[in-house]
Amino acid sequence: MDEYSRFVDWDKMDVTVQSQDAKELTCTEFQELKQLARQGYWAKNHSLRAKVYRKLISNIPCRTVTPDANVYRDIVVKIVGKRNSSSLPLPEFVDNSLVPTYCLNAEGIGAVRKIILCIANQFPDISFCPALPSMIALLLHYSKDEAECFEQVCRILACNDPSKRLVDQTFLAFESSCMTFGDLVNKYCQAAHKLMVAVSEDVLEVYSDWQRWLFGELPMVYMARVFDVFLVEGYKVLYRVALALLKFFHKVRAGQPMESASIQQDIRAFVRDIAKSVTPERLLEKAFAIRLFSRKEIQLLQMANEKALQQKGITVKQKRQNVHLAVHAENFKSEIVSVKEMRDIWSWIPERFALCQPLLLFTTLEHGCSLSRFYSHSEGHEPTLLLIKTTAKEVCGAYLSTDWSERRRGGNKLSFFGTGECFVFRLQPEVERYEWVIIKHPELATAGSEPENHASPASSTLSSSSVPSDPSGRLSPFLSARHFNLPSKTASMFMAGSSECIIIGGGDGQALYLDADLNHGRTSHCNTFNNQPLCSESFQISVLEVWGFRD
(Lines give C-alpha, C1' and ligand atoms only; values in the text may rest on other atoms or scores of the structure.)
Protein backbone atom coordinates (compact mmCIF):
# COMPACT_ATOMS: atom_id res chain seq x y z
CA MET A 1 0.00 0.00 0.00
CA ASP A 2 2.93 2.36 0.64
CA GLU A 3 6.66 2.35 1.31
CA TYR A 4 6.02 1.55 4.99
CA SER A 5 4.15 -1.70 4.33
CA ARG A 6 7.03 -4.18 4.28
CA PHE A 7 6.27 -5.81 7.64
CA VAL A 8 2.46 -5.48 7.66
CA ASP A 9 0.04 -8.34 7.01
CA TRP A 10 -2.71 -6.29 5.41
CA ASP A 11 -5.11 -9.24 5.41
CA LYS A 12 -5.22 -8.89 9.20
CA MET A 13 -5.55 -5.11 9.18
CA ASP A 14 -8.86 -3.30 9.00
CA VAL A 15 -8.09 -1.26 5.90
CA THR A 16 -11.54 0.34 5.98
CA VAL A 17 -10.38 2.63 8.77
CA GLN A 18 -7.41 3.75 6.67
CA SER A 19 -7.75 6.86 4.55
CA GLN A 20 -5.49 7.53 1.61
CA ASP A 21 -6.29 11.23 1.55
CA ALA A 22 -3.08 13.17 1.12
CA LYS A 23 -2.24 14.95 4.36
CA GLU A 24 0.74 16.83 5.62
CA LEU A 25 1.75 17.88 9.09
CA THR A 26 3.22 21.35 9.09
CA CYS A 27 2.68 22.55 12.66
CA THR A 28 5.54 22.55 15.15
CA GLU A 29 3.94 24.22 18.18
CA PHE A 30 3.52 21.82 21.10
CA GLN A 31 -0.07 22.77 21.96
CA GLU A 32 -1.23 22.31 18.38
CA LEU A 33 0.63 19.00 18.07
CA LYS A 34 -0.96 17.84 21.31
CA GLN A 35 -4.46 18.60 20.06
CA LEU A 36 -3.86 16.92 16.70
CA ALA A 37 -2.44 13.81 18.40
CA ARG A 38 -5.39 13.57 20.75
CA GLN A 39 -7.83 14.05 17.87
CA GLY A 40 -6.17 11.31 15.81
CA TYR A 41 -5.19 13.60 12.93
CA TRP A 42 -2.69 11.13 11.49
CA ALA A 43 -4.37 7.94 12.79
CA LYS A 44 -6.18 7.06 9.55
CA ASN A 45 -3.31 7.53 7.15
CA HIS A 46 -0.58 4.90 7.45
CA SER A 47 2.03 6.83 5.50
CA LEU A 48 1.36 10.10 7.32
CA ARG A 49 1.60 8.42 10.71
CA ALA A 50 4.97 6.93 9.71
CA LYS A 51 6.27 10.36 8.71
CA VAL A 52 4.94 11.97 11.90
CA TYR A 53 6.55 9.29 14.05
CA ARG A 54 9.85 9.82 12.29
CA LYS A 55 9.63 13.57 12.80
CA LEU A 56 8.65 13.36 16.47
CA ILE A 57 11.28 10.74 17.31
CA SER A 58 14.03 12.61 15.44
CA ASN A 59 13.32 15.60 17.72
CA ILE A 60 13.89 13.62 20.93
CA PRO A 61 17.04 14.93 22.66
CA CYS A 62 19.49 12.02 22.88
CA ARG A 63 22.95 11.11 24.07
CA THR A 64 25.78 12.29 21.87
CA VAL A 65 26.49 8.74 20.74
CA THR A 66 23.20 7.02 19.95
CA PRO A 67 23.16 3.92 17.73
CA ASP A 68 21.63 4.58 14.32
CA ALA A 69 20.56 2.59 11.27
CA ASN A 70 24.14 2.13 10.09
CA VAL A 71 25.11 0.54 13.40
CA TYR A 72 22.28 -1.96 12.99
CA ARG A 73 23.43 -2.93 9.51
CA ASP A 74 26.95 -3.46 10.88
CA ILE A 75 26.02 -5.67 13.83
CA VAL A 76 22.87 -7.59 12.91
CA VAL A 77 24.63 -10.36 10.96
CA LYS A 78 27.24 -10.83 13.69
CA ILE A 79 24.60 -11.08 16.42
CA VAL A 80 21.88 -13.06 14.68
CA GLY A 81 23.99 -15.09 12.27
CA LYS A 82 22.12 -17.76 10.32
CA ARG A 83 19.68 -18.59 13.13
CA ASN A 84 15.95 -18.65 12.46
CA SER A 85 14.82 -15.21 13.59
CA SER A 86 11.39 -16.43 14.73
CA SER A 87 12.98 -18.67 17.37
CA LEU A 88 15.68 -16.31 18.63
CA PRO A 89 15.87 -16.26 22.45
CA LEU A 90 14.98 -12.94 24.03
CA PRO A 91 17.26 -11.23 26.59
CA GLU A 92 16.28 -11.42 30.25
CA PHE A 93 15.43 -7.73 30.48
CA VAL A 94 12.15 -8.20 28.59
CA ASP A 95 11.07 -10.49 31.46
CA ASN A 96 9.20 -13.04 29.33
CA SER A 97 6.99 -10.23 28.09
CA LEU A 98 4.34 -10.77 25.49
CA VAL A 99 5.69 -10.15 22.00
CA PRO A 100 2.55 -8.85 20.29
CA THR A 101 2.29 -9.52 16.58
CA TYR A 102 0.15 -6.42 15.90
CA CYS A 103 -0.83 -7.73 12.45
CA LEU A 104 2.81 -8.15 11.41
CA ASN A 105 3.72 -10.65 8.73
CA ALA A 106 6.24 -13.45 9.31
CA GLU A 107 9.19 -11.20 8.40
CA GLY A 108 7.98 -8.56 10.84
CA ILE A 109 7.56 -11.04 13.70
CA GLY A 110 11.13 -12.23 13.20
CA ALA A 111 12.40 -8.66 12.90
CA VAL A 112 11.10 -7.83 16.39
CA ARG A 113 13.41 -10.43 17.93
CA LYS A 114 16.39 -9.40 15.82
CA ILE A 115 16.01 -5.74 16.82
CA ILE A 116 15.64 -6.63 20.51
CA LEU A 117 18.91 -8.61 20.43
CA CYS A 118 20.75 -5.76 18.70
CA ILE A 119 19.41 -3.28 21.26
CA ALA A 120 20.64 -5.57 24.05
CA ASN A 121 24.07 -5.43 22.45
CA GLN A 122 24.11 -1.63 22.23
CA PHE A 123 22.43 -0.85 25.56
CA PRO A 124 24.15 -3.01 28.20
CA ASP A 125 22.74 -0.79 30.96
CA ILE A 126 19.17 -1.92 30.25
CA SER A 127 18.28 -4.46 32.93
CA PHE A 128 14.47 -4.50 32.81
CA CYS A 129 12.31 -3.24 29.94
CA PRO A 130 9.15 -5.33 29.40
CA ALA A 131 7.57 -2.63 27.20
CA LEU A 132 10.25 -2.95 24.52
CA PRO A 133 8.80 -5.80 22.36
CA SER A 134 5.47 -4.02 21.98
CA MET A 135 7.13 -0.73 21.08
CA ILE A 136 9.29 -2.39 18.41
CA ALA A 137 6.35 -4.32 16.96
CA LEU A 138 4.33 -1.12 16.65
CA LEU A 139 7.15 0.93 15.12
CA LEU A 140 7.83 -1.77 12.51
CA HIS A 141 4.45 -0.87 11.03
CA TYR A 142 5.80 2.58 10.31
CA SER A 143 9.39 1.80 9.29
CA LYS A 144 10.84 1.21 5.84
CA ASP A 145 13.21 -1.45 7.13
CA GLU A 146 14.59 -3.03 10.30
CA ALA A 147 17.46 -0.54 10.54
CA GLU A 148 15.11 2.45 10.57
CA CYS A 149 12.98 0.86 13.28
CA PHE A 150 16.12 0.09 15.31
CA GLU A 151 17.25 3.72 15.06
CA GLN A 152 13.88 5.07 16.19
CA VAL A 153 13.72 2.75 19.20
CA CYS A 154 17.30 3.66 20.13
CA ARG A 155 16.44 7.35 20.14
CA ILE A 156 13.53 6.69 22.52
CA LEU A 157 15.77 4.64 24.82
CA ALA A 158 18.63 7.17 24.66
CA CYS A 159 16.52 10.22 25.54
CA ASN A 160 18.62 12.35 27.89
CA ASP A 161 16.10 15.04 28.76
CA PRO A 162 15.61 14.64 32.54
CA SER A 163 12.15 16.19 32.31
CA LYS A 164 10.99 13.80 29.59
CA ARG A 165 10.62 10.30 30.97
CA LEU A 166 9.82 7.79 28.20
CA VAL A 167 10.60 4.12 28.92
CA ASP A 168 11.45 2.24 32.14
CA GLN A 169 14.79 0.49 31.61
CA THR A 170 15.55 -0.88 35.11
CA PHE A 171 13.58 -2.93 37.59
CA LEU A 172 13.81 -0.06 40.07
CA ALA A 173 12.21 2.35 37.60
CA PHE A 174 9.58 -0.21 36.60
CA GLU A 175 8.63 -1.18 40.15
CA SER A 176 8.47 2.43 41.31
CA SER A 177 6.19 3.21 38.34
CA CYS A 178 3.89 0.40 39.52
CA MET A 179 3.86 1.93 43.01
CA THR A 180 3.16 5.36 41.51
CA PHE A 181 0.31 3.90 39.48
CA GLY A 182 -1.06 2.39 42.69
CA ASP A 183 -0.90 5.81 44.33
CA LEU A 184 -2.78 7.34 41.41
CA VAL A 185 -5.44 4.62 41.43
CA ASN A 186 -5.90 5.16 45.15
CA LYS A 187 -6.58 8.84 44.55
CA TYR A 188 -8.34 8.97 41.17
CA CYS A 189 -10.09 5.58 40.88
CA GLN A 190 -11.34 5.00 44.39
CA ALA A 191 -14.33 2.86 43.36
CA ALA A 192 -12.11 0.58 41.27
CA HIS A 193 -9.48 0.50 44.03
CA LYS A 194 -12.12 -0.51 46.56
CA LEU A 195 -13.12 -3.38 44.27
CA MET A 196 -9.49 -4.48 43.84
CA VAL A 197 -8.97 -4.50 47.61
CA ALA A 198 -12.15 -6.54 48.09
CA VAL A 199 -11.36 -9.25 45.52
CA SER A 200 -7.55 -9.35 45.47
CA GLU A 201 -5.17 -10.70 48.09
CA ASP A 202 -2.37 -8.57 46.65
CA VAL A 203 -3.43 -5.24 45.17
CA LEU A 204 0.06 -4.24 44.05
CA GLU A 205 0.41 -7.45 42.07
CA VAL A 206 -2.69 -6.42 40.14
CA TYR A 207 -1.35 -2.90 39.57
CA SER A 208 2.06 -4.24 38.55
CA ASP A 209 0.31 -5.38 35.39
CA TRP A 210 -0.48 -1.83 34.33
CA GLN A 211 2.21 -1.62 31.64
CA ARG A 212 1.25 -5.03 30.31
CA TRP A 213 -2.29 -3.76 29.77
CA LEU A 214 -0.84 -1.14 27.42
CA PHE A 215 2.23 -2.87 25.98
CA GLY A 216 0.83 -6.32 25.38
CA GLU A 217 -2.91 -6.72 25.84
CA LEU A 218 -4.27 -3.54 24.25
CA PRO A 219 -5.17 -4.12 20.58
CA MET A 220 -2.88 -2.54 17.99
CA VAL A 221 -5.37 0.13 16.84
CA TYR A 222 -5.77 1.33 20.43
CA MET A 223 -2.06 1.14 21.23
CA ALA A 224 -1.22 3.16 18.13
CA ARG A 225 -3.58 5.94 19.22
CA VAL A 226 -1.98 5.92 22.68
CA PHE A 227 1.48 5.98 21.10
CA ASP A 228 0.50 8.96 18.95
CA VAL A 229 -0.07 11.03 22.07
CA PHE A 230 2.76 9.43 24.04
CA LEU A 231 5.36 10.66 21.53
CA VAL A 232 4.07 14.20 21.97
CA GLU A 233 3.23 14.34 25.67
CA GLY A 234 5.39 11.64 27.25
CA TYR A 235 5.03 9.07 30.03
CA LYS A 236 2.12 10.73 31.82
CA VAL A 237 -0.16 9.63 28.97
CA LEU A 238 0.48 5.99 29.87
CA TYR A 239 -0.75 6.55 33.43
CA ARG A 240 -3.84 8.32 32.11
CA VAL A 241 -4.81 5.50 29.74
CA ALA A 242 -4.15 2.77 32.32
CA LEU A 243 -6.36 4.62 34.81
CA ALA A 244 -9.08 4.91 32.17
CA LEU A 245 -8.84 1.17 31.44
CA LEU A 246 -9.31 0.39 35.13
CA LYS A 247 -12.28 2.76 35.33
CA PHE A 248 -13.94 1.06 32.36
CA PHE A 249 -13.21 -2.38 33.78
CA HIS A 250 -14.88 -1.39 37.04
CA LYS A 251 -17.87 0.05 35.18
CA VAL A 252 -18.36 -3.13 33.13
CA ARG A 253 -17.57 -5.70 35.81
CA ALA A 254 -18.86 -4.09 39.04
CA GLY A 255 -21.55 -6.27 40.55
CA GLN A 256 -20.38 -9.39 38.73
CA PRO A 257 -18.80 -12.23 40.72
CA MET A 258 -15.00 -12.14 40.72
CA GLU A 259 -12.37 -14.30 42.39
CA SER A 260 -8.99 -13.24 43.71
CA ALA A 261 -7.14 -15.86 41.70
CA SER A 262 -8.56 -14.61 38.41
CA ILE A 263 -8.67 -10.83 38.79
CA GLN A 264 -5.42 -10.27 36.87
CA GLN A 265 -6.57 -12.51 34.05
CA ASP A 266 -9.99 -10.84 34.07
CA ILE A 267 -8.47 -7.38 33.56
CA ARG A 268 -6.11 -8.67 30.86
CA ALA A 269 -9.03 -10.30 29.02
CA PHE A 270 -11.08 -7.12 29.31
CA VAL A 271 -8.25 -5.05 27.81
CA ARG A 272 -7.71 -7.58 24.99
CA ASP A 273 -11.42 -7.44 24.13
CA ILE A 274 -11.90 -3.74 24.84
CA ALA A 275 -13.31 -3.18 21.34
CA LYS A 276 -16.50 -4.88 22.55
CA SER A 277 -17.23 -2.05 24.96
CA VAL A 278 -15.06 1.03 24.29
CA THR A 279 -13.79 2.77 21.15
CA PRO A 280 -10.26 4.20 20.95
CA GLU A 281 -11.75 7.70 20.92
CA ARG A 282 -13.80 7.02 24.05
CA LEU A 283 -10.78 5.54 25.84
CA LEU A 284 -8.67 8.62 25.18
CA GLU A 285 -11.56 10.92 26.04
CA LYS A 286 -11.88 9.19 29.41
CA ALA A 287 -8.11 9.29 29.96
CA PHE A 288 -7.85 13.02 29.40
CA ALA A 289 -10.91 13.77 31.48
CA ILE A 290 -8.95 12.70 34.58
CA ARG A 291 -7.57 15.78 36.31
CA LEU A 292 -4.18 14.23 36.97
CA PHE A 293 -1.16 15.74 38.70
CA SER A 294 1.36 17.71 36.71
CA ARG A 295 4.32 15.98 35.10
CA LYS A 296 6.60 17.48 37.75
CA GLU A 297 4.44 16.20 40.58
CA ILE A 298 4.34 12.69 39.17
CA GLN A 299 8.10 12.80 38.74
CA LEU A 300 8.51 13.73 42.41
CA LEU A 301 6.20 10.91 43.47
CA GLN A 302 8.14 8.47 41.30
CA MET A 303 11.41 9.63 42.87
CA ALA A 304 9.97 9.11 46.34
CA ASN A 305 8.91 5.58 45.47
CA GLU A 306 12.34 4.81 43.99
CA LYS A 307 13.97 6.08 47.16
CA ALA A 308 11.72 3.86 49.30
CA LEU A 309 12.64 0.80 47.20
CA GLN A 310 16.34 1.62 47.37
CA GLN A 311 16.16 1.93 51.14
CA LYS A 312 14.59 -1.53 51.20
CA GLY A 313 17.37 -2.85 48.96
CA ILE A 314 14.89 -3.67 46.20
CA THR A 315 16.65 -2.64 43.01
CA VAL A 316 16.67 -5.82 40.92
CA LYS A 317 14.05 -8.37 39.97
CA GLN A 318 13.15 -10.52 42.96
CA LYS A 319 12.19 -14.17 42.84
CA ARG A 320 9.08 -13.46 44.86
CA GLN A 321 6.34 -11.91 42.77
CA ASN A 322 5.44 -9.13 45.18
CA VAL A 323 8.02 -6.89 46.81
CA HIS A 324 5.43 -5.36 49.10
CA LEU A 325 4.98 -6.70 52.59
CA ALA A 326 1.49 -7.23 53.90
CA VAL A 327 0.79 -6.52 57.56
CA HIS A 328 2.25 -9.54 59.38
CA ALA A 329 -0.47 -11.22 61.45
CA GLU A 330 1.96 -12.74 63.93
CA ASN A 331 3.53 -9.38 64.83
CA PHE A 332 0.41 -7.23 64.85
CA LYS A 333 -1.85 -6.59 67.85
CA SER A 334 -4.34 -3.77 68.18
CA GLU A 335 -7.25 -3.22 70.54
CA ILE A 336 -9.11 -1.33 67.83
CA VAL A 337 -8.69 -3.05 64.45
CA SER A 338 -8.16 -6.58 63.20
CA VAL A 339 -5.31 -7.68 60.93
CA LYS A 340 -7.69 -7.63 57.97
CA GLU A 341 -8.86 -4.10 58.76
CA MET A 342 -5.25 -2.93 59.11
CA ARG A 343 -4.46 -4.49 55.73
CA ASP A 344 -7.41 -2.59 54.26
CA ILE A 345 -6.00 0.65 55.69
CA TRP A 346 -2.58 -0.31 54.28
CA SER A 347 -4.16 -0.48 50.81
CA TRP A 348 -5.09 3.20 51.13
CA ILE A 349 -1.73 4.64 52.18
CA PRO A 350 0.91 5.83 49.69
CA GLU A 351 2.71 2.88 48.13
CA ARG A 352 6.15 3.91 49.36
CA PHE A 353 4.99 3.48 52.96
CA ALA A 354 3.09 0.26 52.27
CA LEU A 355 6.56 -1.30 52.15
CA CYS A 356 6.78 -0.77 55.91
CA GLN A 357 5.30 -2.63 58.89
CA PRO A 358 3.04 -0.93 61.46
CA LEU A 359 4.70 0.04 64.75
CA LEU A 360 2.58 0.92 67.80
CA LEU A 361 3.76 4.27 69.20
CA PHE A 362 1.03 5.27 71.61
CA THR A 363 -2.10 3.79 73.15
CA THR A 364 -4.33 5.28 75.82
CA LEU A 365 -4.59 1.87 77.46
CA GLU A 366 -0.86 1.94 78.26
CA HIS A 367 0.18 5.58 78.17
CA GLY A 368 -2.96 7.21 79.55
CA CYS A 369 -5.18 9.97 78.24
CA SER A 370 -2.60 12.74 78.04
CA LEU A 371 -2.15 14.94 74.99
CA SER A 372 1.42 15.78 75.99
CA ARG A 373 2.30 12.07 76.10
CA PHE A 374 0.49 11.66 72.77
CA TYR A 375 2.83 14.26 71.29
CA SER A 376 5.99 12.91 72.96
CA HIS A 377 5.39 9.39 71.63
CA SER A 378 4.29 10.54 68.15
CA GLU A 379 6.90 13.19 67.44
CA GLY A 380 9.83 12.13 65.30
CA HIS A 381 7.65 9.78 63.26
CA GLU A 382 6.38 10.62 59.79
CA PRO A 383 3.84 9.53 58.68
CA THR A 384 1.57 8.23 61.46
CA LEU A 385 -1.77 6.49 61.65
CA LEU A 386 -4.39 7.52 64.21
CA LEU A 387 -7.05 4.98 65.26
CA ILE A 388 -10.04 5.75 67.50
CA LYS A 389 -12.66 3.47 68.98
CA THR A 390 -15.62 5.16 70.66
CA THR A 391 -17.72 3.88 73.54
CA ALA A 392 -20.49 3.40 70.93
CA LYS A 393 -18.23 0.87 69.11
CA GLU A 394 -17.59 3.25 66.23
CA VAL A 395 -14.12 3.02 64.70
CA CYS A 396 -12.54 5.85 62.73
CA GLY A 397 -9.08 7.22 62.12
CA ALA A 398 -6.71 9.28 60.01
CA TYR A 399 -3.54 8.86 57.98
CA LEU A 400 -1.32 11.82 58.88
CA SER A 401 1.53 12.66 56.53
CA THR A 402 3.44 15.14 58.70
CA ASP A 403 5.38 14.90 61.97
CA TRP A 404 3.41 16.33 64.90
CA SER A 405 6.50 18.35 65.88
CA GLU A 406 5.52 20.75 63.09
CA ARG A 407 2.90 22.18 65.45
CA ARG A 408 5.71 23.93 67.34
CA ARG A 409 6.11 26.44 64.55
CA GLY A 410 3.09 28.30 65.86
CA GLY A 411 4.42 28.62 69.40
CA ASN A 412 1.49 28.48 71.81
CA LYS A 413 -1.04 29.19 69.09
CA LEU A 414 -2.99 26.55 67.24
CA SER A 415 -0.70 25.64 64.34
CA PHE A 416 -1.90 24.24 61.03
CA PHE A 417 0.18 21.96 58.82
CA GLY A 418 0.01 18.64 56.93
CA THR A 419 -0.36 17.72 53.26
CA GLY A 420 -3.01 16.45 50.90
CA GLU A 421 -1.79 12.89 51.31
CA CYS A 422 -3.64 12.92 54.64
CA PHE A 423 -7.09 11.38 54.80
CA VAL A 424 -9.66 10.32 57.37
CA PHE A 425 -11.63 7.10 57.32
CA ARG A 426 -14.34 5.12 59.06
CA LEU A 427 -14.23 1.35 59.64
CA GLN A 428 -17.26 0.82 61.85
CA PRO A 429 -20.19 0.72 61.37
CA GLU A 430 -19.34 0.92 57.64
CA VAL A 431 -16.08 1.32 55.78
CA GLU A 432 -15.54 4.68 54.11
CA ARG A 433 -12.47 6.69 53.16
CA TYR A 434 -12.78 10.47 52.84
CA GLU A 435 -10.65 12.60 50.57
CA TRP A 436 -8.63 15.44 52.06
CA VAL A 437 -9.80 18.97 52.63
CA ILE A 438 -7.82 21.98 53.81
CA ILE A 439 -8.58 23.45 57.21
CA LYS A 440 -9.07 27.18 56.74
CA HIS A 441 -10.70 28.28 59.95
CA PRO A 442 -9.39 27.81 63.48
CA GLU A 443 -12.90 28.50 64.79
CA LEU A 444 -13.40 24.75 64.97
CA ALA A 445 -11.12 24.76 68.01
CA THR A 446 -13.85 26.59 69.90
CA ALA A 447 -16.16 24.15 71.65
CA GLY A 448 -19.32 23.40 69.75
CA SER A 449 -18.41 25.40 66.66
CA GLU A 450 -18.79 24.35 63.07
CA PRO A 451 -16.28 24.93 60.28
CA GLU A 452 -17.58 27.83 58.21
CA ASN A 453 -15.93 26.96 54.95
CA HIS A 454 -13.97 24.02 53.66
CA ALA A 455 -12.22 23.58 50.38
CA SER A 456 -13.80 21.21 47.92
CA PRO A 457 -12.32 17.71 48.11
CA ALA A 458 -11.35 18.01 44.47
CA SER A 459 -9.71 21.38 44.95
CA SER A 460 -6.01 21.91 45.42
CA THR A 461 -6.47 25.49 46.67
CA LEU A 462 -4.33 26.54 49.59
CA SER A 463 -5.40 28.91 52.34
CA SER A 464 -4.72 32.55 51.52
CA SER A 465 -1.77 32.74 53.89
CA SER A 466 -0.05 29.88 52.08
CA VAL A 467 -0.63 30.73 48.44
CA PRO A 468 2.44 32.00 46.60
CA SER A 469 1.98 35.03 44.37
CA ASP A 470 2.51 32.92 41.27
CA PRO A 471 0.31 29.83 41.62
CA SER A 472 1.34 28.46 38.21
CA GLY A 473 4.53 26.98 39.63
CA ARG A 474 2.94 25.66 42.81
CA LEU A 475 3.14 21.96 43.53
CA SER A 476 0.03 20.05 44.46
CA PRO A 477 -0.59 19.81 48.21
CA PHE A 478 -1.05 16.08 47.59
CA LEU A 479 2.72 15.78 47.75
CA SER A 480 4.53 15.46 51.05
CA ALA A 481 6.48 18.70 51.56
CA ARG A 482 9.04 17.29 53.97
CA HIS A 483 9.65 14.15 51.91
CA PHE A 484 10.63 16.22 48.88
CA ASN A 485 12.33 19.00 50.85
CA LEU A 486 9.86 21.50 49.47
CA PRO A 487 9.30 24.94 51.01
CA SER A 488 6.52 25.06 53.60
CA LYS A 489 4.34 27.26 51.40
CA THR A 490 3.68 24.25 49.15
CA ALA A 491 2.09 22.34 52.02
CA SER A 492 -1.62 22.40 52.72
CA MET A 493 -3.33 22.76 56.08
CA PHE A 494 -4.79 19.44 57.10
CA MET A 495 -3.61 18.94 60.70
CA ALA A 496 -3.66 21.29 63.66
CA GLY A 497 -2.33 20.82 67.16
CA SER A 498 -1.82 22.75 70.38
CA SER A 499 -1.61 22.00 74.08
CA GLU A 500 -5.41 22.17 74.23
CA CYS A 501 -6.67 20.18 71.26
CA ILE A 502 -6.06 18.32 68.01
CA ILE A 503 -7.92 19.02 64.77
CA ILE A 504 -7.77 16.83 61.69
CA GLY A 505 -9.50 17.92 58.48
CA GLY A 506 -11.22 15.32 56.38
CA GLY A 507 -12.79 15.03 52.97
CA ASP A 508 -16.33 15.84 51.94
CA GLY A 509 -16.41 18.47 54.68
CA GLN A 510 -15.35 16.05 57.44
CA ALA A 511 -13.31 17.32 60.39
CA LEU A 512 -12.30 15.57 63.60
CA TYR A 513 -11.69 17.42 66.89
CA LEU A 514 -10.12 15.83 70.00
CA ASP A 515 -9.98 17.43 73.47
CA ALA A 516 -6.74 17.66 75.45
CA ASP A 517 -7.75 14.84 77.81
CA LEU A 518 -8.21 12.45 74.82
CA ASN A 519 -11.48 11.30 76.37
CA HIS A 520 -13.87 13.29 74.24
CA GLY A 521 -14.14 14.25 70.61
CA ARG A 522 -16.55 15.55 68.04
CA THR A 523 -16.91 15.76 64.29
CA SER A 524 -18.14 18.41 61.91
CA HIS A 525 -19.44 17.47 58.53
CA CYS A 526 -21.39 18.82 55.60
CA ASN A 527 -22.14 17.48 52.12
CA THR A 528 -20.83 14.10 53.19
CA PHE A 529 -20.64 11.12 50.88
CA ASN A 530 -24.12 9.58 50.94
CA ASN A 531 -24.67 11.81 53.98
CA GLN A 532 -22.65 9.38 56.07
CA PRO A 533 -20.68 11.15 58.84
CA LEU A 534 -17.26 10.05 60.02
CA CYS A 535 -18.76 9.13 63.40
CA SER A 536 -21.13 10.62 65.99
CA GLU A 537 -21.15 14.39 66.19
CA SER A 538 -20.03 14.11 69.81
CA PHE A 539 -18.41 10.97 71.18
CA GLN A 540 -16.45 9.49 74.05
CA ILE A 541 -13.17 7.74 73.28
CA SER A 542 -12.79 4.17 74.46
CA VAL A 543 -9.31 3.53 73.01
CA LEU A 544 -6.96 5.68 70.94
CA GLU A 545 -3.83 4.35 69.22
CA VAL A 546 -1.08 5.96 67.16
CA TRP A 547 0.91 3.79 64.77
CA GLY A 548 4.15 4.55 63.00
CA PHE A 549 5.84 2.86 60.04
CA ARG A 550 8.78 0.53 60.64
CA ASP A 551 11.25 -0.39 57.87
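Every chain's residues receive numbers from 1 upward, in the order its sequence appears when written. Under the rules for a predicted model, residues below a pLDDT of 70 receive no local features and side-chain atom pairs below 80 are neither given nor counted, while totals for whole chains, interfaces and linings still include all residues. Neither water nor hydrogens contribute to the side-chain values; these are computed over all heavy atoms in the structure.

Under an unreviewed UniProt entry, the protein has the name TBC1 domain family member 24 and belongs to Nyctiprogne leucopyga. UniProt positions are given in the numbering used here, feature names are shortened, and annotations may be inferred rather than shown by experiment. Per UniProt, the protein carries the Subunit (unreviewed entry) text "Interacts with ARF6." Regarding the protein, the UniProt comment filed under Function (unreviewed entry) reads as follows: "May act as a GTPase-activating protein for Rab family protein(s). Involved in neuronal projections development, probably through a negative modulation of ARF6 function. Involved in the regulation of synaptic vesicle trafficking."

(A) The arrangement of the overall build of the protein in detail. Numbering goes from the N terminus for both helices and strands, where a helix is a DSSP run of H or I of at least four residues and a strand is a run of E of at least two. Across its full length, the protein carries 19 helices and 11 strands. Long-range pairs, those at least 24 residues apart, make up 74% of the contacts in the protein between residues at least 6 apart in sequence. Using the Shrake-Rupley algorithm and a 1.4 Å probe, accessible areas are obtained, with residue cover drawn only from the displayed protein chains. Of the roughly 23,500 Å² that the protein leaves accessible, carbon and sulfur atoms contribute 48%. Any pair of residues with heavy atoms lying within 4.5 Å of one another is described as a contacting pair.

(B) Region of interest: the packing of helix α1 (residues 30–39) against helix α11 (residues 220–233). Taken N-terminus to C-terminus, the directions of α1 and α11 make an angle of 170°; their axes are 8 Å apart at the nearest point. In terms of orientation, α1 lies roughly antiparallel with respect to α11. Between α1, through F30, L33, K34, A37, R38 and Q39, and α11, the contact on the second element is made entirely by R225, D228, V229, V232 and E233. When the residues that make up the contact of α1 with α11 are grouped by side-chain class, the tally is 5 nonpolar, 1 polar and 5 charged. Helix axes use the C-alpha atoms of the stretch in contact, all axes being lines fitted to C-alpha atoms, and the angles between their N-to-C directions lie in the range 0 to 180 degrees. Orientation is classified from the angle alone, with under 35 degrees giving roughly parallel, over 145 giving roughly antiparallel, 65 to 115 giving roughly perpendicular, and any other angle giving oblique. Polar here means any residue other than Ala, Val, Leu, Ile, Met, Phe, Trp, Tyr, Cys and Pro, which are nonpolar, and Asp, Glu, Lys and Arg, which are charged; Gly is therefore polar.

(C) Structural detail: the pattern of salt bridges. Criterion for a salt bridge: a side-chain nitrogen of Lys or Arg within 4 Å of a carboxyl oxygen of Asp or Glu. Tallied over the full model, the rule gives 21 salt bridges. The shortest N-O distance in the salt bridge between R54 and E148 comes to 3.1 Å. Here the residue R54 occupies a position in helix α2 (residues 46–58), and E148 occupies one in helix α6 (residues 146–157), the gap between them amounting to 94 residues. Buried residues are those whose accessible area, probed at 1.4 Å on protein chains only, stays under 20% of the maximum for their type, while exposed residues exceed 50% and partly exposed ones sit between those limits. Note on E148: relative accessible area 9%, which makes it buried. Members of the salt-bridge network, linked through shared partners, are R212, E217 and R272.

(D) Representation of the packing of aromatic side chains. Ring pairs are drawn from Phe, Tyr and Trp, using the six-membered ring of Trp, whenever the two centres fall within 6.5 Å, and their geometry is named by plane angle: stacked under 30 degrees, edge-to-face over 60, tilted for the rest. By the definition in use, this model includes 26 aromatic pairs. Centroid distance Y235 to Y239: 5.3 Å. Interplanar angle 75°. Geometry classified as edge-to-face. Like Y235, the residue Y239 is buried in the burial classification. Ring centres of W348 and F423 lie 6.3 Å apart, and the angle between their planes is 80°; this geometry places the pair in the edge-to-face category.

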